[in-house]
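Geometric and topological summary
Residue strings, one per chain:
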Amino acid sequence: ELARRVGPTGHVTGVDAASRFVDAARVEAADVPNVSFEVADIEAAVPGGPYDLAFSRMGTMFFARPVIALRNVRAALAPRGRLCMVVWRSKAANTFLQEAEDAVREILGTPAKGDHLTCGPGPFSMASPDVVGDQLHQVLVRADQHHVE
């Protein structure tokens, strides 16, 4: 879809850390001439660039180190480049997920303390606008410091 939107003179580079996802994308987009795919860990570096737009659909919330990853994205953007992230809101705001969890709890009970992940990367790690705002602020502050130095 992004390749269609940028038109024949634009180019889209898809990136994922999972090679099987990249392999599937290459097969799906085999007949799309203005798209390419890279296996890469955005927390280490963004391949290519500069890019006019960085778009993530359900990906950034799985970064173990989101500020570092987002700094790398910012560094790969062209001047005035933009970032668009699509992330899940809270589990409570996604009732189909909350209902599934509640149904499992009815059968299995509540996990013992320490038996479930309570923080870190995951579908809801960017559900809070305040947290994401703080993360993006740190990306901008660091970039501005490097620009001044």
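In what follows, the accompanying structure is described. Just so it is clear, the model here is predicted, and its values are computed rather than measured.

Each value, and the rule that gives it
- Residues numbered from 1 in each chain as written.
- Predicted model: local features only at pLDDT ≥ 70, side-chain atom pairs only at ≥ 80, totals over all residues.
- Heavy atoms only, no water.
- Helix = DSSP H or I, 4+ residues; strand = E, 2+ residues; numbered from the N terminus.
- Contact = heavy atoms within 4.5 Å.
- Polar contact = N/O pair within 3.5 Å; in protein donor to acceptor, adjacent residues only side chain to side chain.
- Patch = residues over 30% accessible without salt bridge, like charges linked within 9 Å, V, L, I, M, F, W, Y side chains within 5 Å.
- Areas by Shrake-Rupley, 256 points an atom, 1.4 Å probe, with all protein chains shown as cover.
- Salt bridge = Lys/Arg side-chain N within 4 Å of Asp/Glu carboxyl O.
- Buried < 20%, exposed > 50% of the residue type's maximum accessible area, 1.4 Å probe, protein only.

What follows concerns the environment of K91. Here K91 is to be found in the loop between strand 4 (77-86) and helix 4 (95-108). For the pair formed by K91 and F124, sequence separation is 33 residues and the distance between their alpha carbons is 6.8 Å. For K91, the contacting residues outside a window of four places in its chain are L97, Q98, E101 and F124. In this structure the side chain of K91 is engaged in a polar contact, spanning 2.3 Å, whose partner is the side chain of E101.

A cluster of nonpolar side chains, namely L2, L53, F55, M58 and V86, defines an oily patch on the protein surface of about 360 Å² accessible area. With respect to the secondary-structure elements, L2 resides in helix 1 (residues 2-6). We classify L2 as partly exposed; its relative accessible area is 34%.

Bringing the environment of W88 into the picture now. Its location among the elements puts W88 in the loop between strand 4 and helix 4. Measuring from C-alpha to C-alpha, the distance between W88 and S128 comes to 9.5 Å, with 40 residues separating the pair along the chain. Filtering out sequence-adjacent residues up to four positions away, W88 remains in contact with M58, M61, N94, F96, L97, P123, F124, M126 and A127.

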